[in-house]
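Residue-level structure breakdown
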Amino acid sequence: MARNSRQQLIDFDELDAATDLTPAEHTTWQAARDATAHAYAPYSGFHVGAALLLADGTLFKGTNQENAAYPSGLCAERTALFGLAAAQPGHAPIVGMAVAARPRHGSFGPALPCGACRQVMLEYESRQGQPIPLLLPGRDGTILRFSTLSALMPFCFSPDDLPPVG
C-alpha cells in the first residue's frame, strides 16, 4: 500500500498593526470593526462584523445575527455576501474583505471564519472569477492578510465537484 505524505502551506502576511495597511485596506478594516456595533449577539455576546469593498469604492457590511434556535443564526461573513448579492445584483467585483470581532464589553480580538463561511466565501470568489483579498484579526493585535480566499480552504468543495446538470 502506497502512502504519500504531503504538506499544505497557507500563504498570508502577518501585519503588526493597522498602520501597515494600504488606505483601501484600512477603510475596509475599519468598516468591519464599525459593523460589530450592529451585531445581534444576545446569546454569545460575541459581536462580529464583516465588510466588503467593491471595485467602485462601495462598502457593504454584514453582522452576525443570532437566534434563540442557535442553528438558525447566521455569521457576519455570510450576511455580508448574501446581502450584497440580494441588494445589488450585478454589483462591481469585490476587491477586499475584512472581518472583526469583539466581546459585548471588551476589546477586539482574533476571529477566523467558520467552515460554512469559508465555503460560501470561496463560492463568491469563484463566481466573480478573481481573487478576493481578506483581512482577519490575529492574536496580540496583529492582522492576517490573505491575497485570496482560497488560501483559507485549499480542499474545498466547488462547482467543479458536481455532476453536469442536464
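For the structure itself, consult the block above.
What you see as residue numbers is a count from 1 along each chain, following the sequence as written. Totals for whole chains, interfaces and linings use all residues, but because this is a predicted model, local features are given only for residues with pLDDT of at least 70 and pairs of side-chain atoms are given and counted only at 80 or more. For the side-chain quantities, the full set of heavy atoms in the structure was used; hydrogens and water were omitted.

Quick look at the overall build of the protein
Elements are defined by DSSP. Helices are runs of H or I of four residues or more, strands are runs of E of two residues or more, and each kind is numbered from the N terminus. Counting secondary structure elements, the protein contains three helices and six strands. N-terminal to C-terminal, the α/β element order of the protein is β-α-β-β-α-β-α-β-β. Within these notes, the globule rule equals 2.2 Å times the number of residues to the 0.38 power, and the radius of gyration is based on C-alpha atoms. Over its C-alpha trace the protein gives a radius of gyration of 17 Å, about what one expects of a compact globule, namely 15 Å for 166 residues. By its C-alpha atoms, the protein is 55 × 40 × 35 Å across when sized along the principal axes. Relative to its 166 residues, the protein shows a buried fraction of 39%. Burial classification: accessible surface area is computed with a 1.4 Å probe over protein chains only, and a residue below 20% of its type maximum counts as buried, one above 50% as exposed, and the rest as partly exposed.

Some thoughts on unusual backbone geometry
Backbone geometry places Asp140, a non-glycine residue, at a positive phi of 55 degrees. When you line up the elements, Asp140 lands in the loop between strand E5 (134-137) and strand E6 (143-146). A relative accessible area of 83% places Asp140 in the exposed class.

Regarding a nonpolar patch on the surface
Together, Tyr40, Tyr43 and Tyr70 line one region of the surface with nonpolar side chains, adding up to about 370 Å² of accessible area. Counting through the fold element by element, Tyr43 comes out in the loop between helix H1 (23-35) and strand E2 (46-54). Candidates for patches are residues over 30% relative accessible area with no salt bridge; among them, like charges are joined within 9 Å and nonpolar side chains (Val, Leu, Ile, Met, Phe, Trp, Tyr) within 5 Å. Methods summary: accessible areas were calculated by the Shrake-Rupley approach with a probe of 1.4 Å, and residue burial reflects only the protein chains presented. Think of a salt bridge as a Lys or Arg side-chain nitrogen and an Asp or Glu carboxyl oxygen that are within 4 Å of each other.

A look at the pattern of salt bridges
Taken as a whole and judged by the stated rule, the model has two salt bridges. Between Arg145 and Glu25 there is a salt bridge, and its shortest N-O distance comes to 2.9 Å. Pair noted here: Arg145 is in strand E6 and Glu25 is in helix H1, with a separation of 120 residues, a long-range link.

Observations regarding the packing of aromatic side chains
Two rings belonging to Phe, Tyr or Trp (six-membered ring only in the last case) form a pair when the distance between their centres is within 6.5 Å. Interplanar angles under 30 degrees mark stacking, angles over 60 mark edge-to-face geometry, and anything in between is tilted. One pass over the full model with this rule turns up three aromatic pairs. Centre to centre, the rings of Tyr43 and Tyr70 are 5.8 Å apart; their planes meet at 65 degrees, and the pair counts as edge-to-face. One end of the pair, Tyr43, is in the loop between H1 and E2; the other, Tyr70, is in the loop between strand E3 (59-63) and helix H2 (76-87), and 27 residues separate them in sequence. Put simply, a charge is over a ring when the Lys NZ or the Arg CZ is close to the ring centre, within 6 Å, and near the line of the ring normal, within 35 degrees. Lying over the aromatic face of Phe108, Arg33 brings its terminal NZ or CZ to 3.8 Å of the ring centre.

What to know about the side chain of His47
If you trace the backbone, His47 turns up in strand E2. In this structure His47 comes out as buried when scored by relative accessible area, which is 10%. By the criterion applied in these results, polar contacts are pairs of N or O atoms within 3.5 Å in which, for protein atoms, one can donate a hydrogen and the other can accept it, and in which residues neighboring in sequence qualify only through two side-chain atoms. Within the structure, the side chain of His47 is placed 3.4 Å from the backbone oxygen of Thr36, a separation counted as a polar contact. The residues contacting His47, other than those within four sequence positions of it, are Thr36, Ala39, Ala41, Asn64, Ala100, Ala101, Arg102, Pro103 and Arg104. In this description, contact between two residues means that some pair of their heavy atoms is separated by no more than 4.5 Å.

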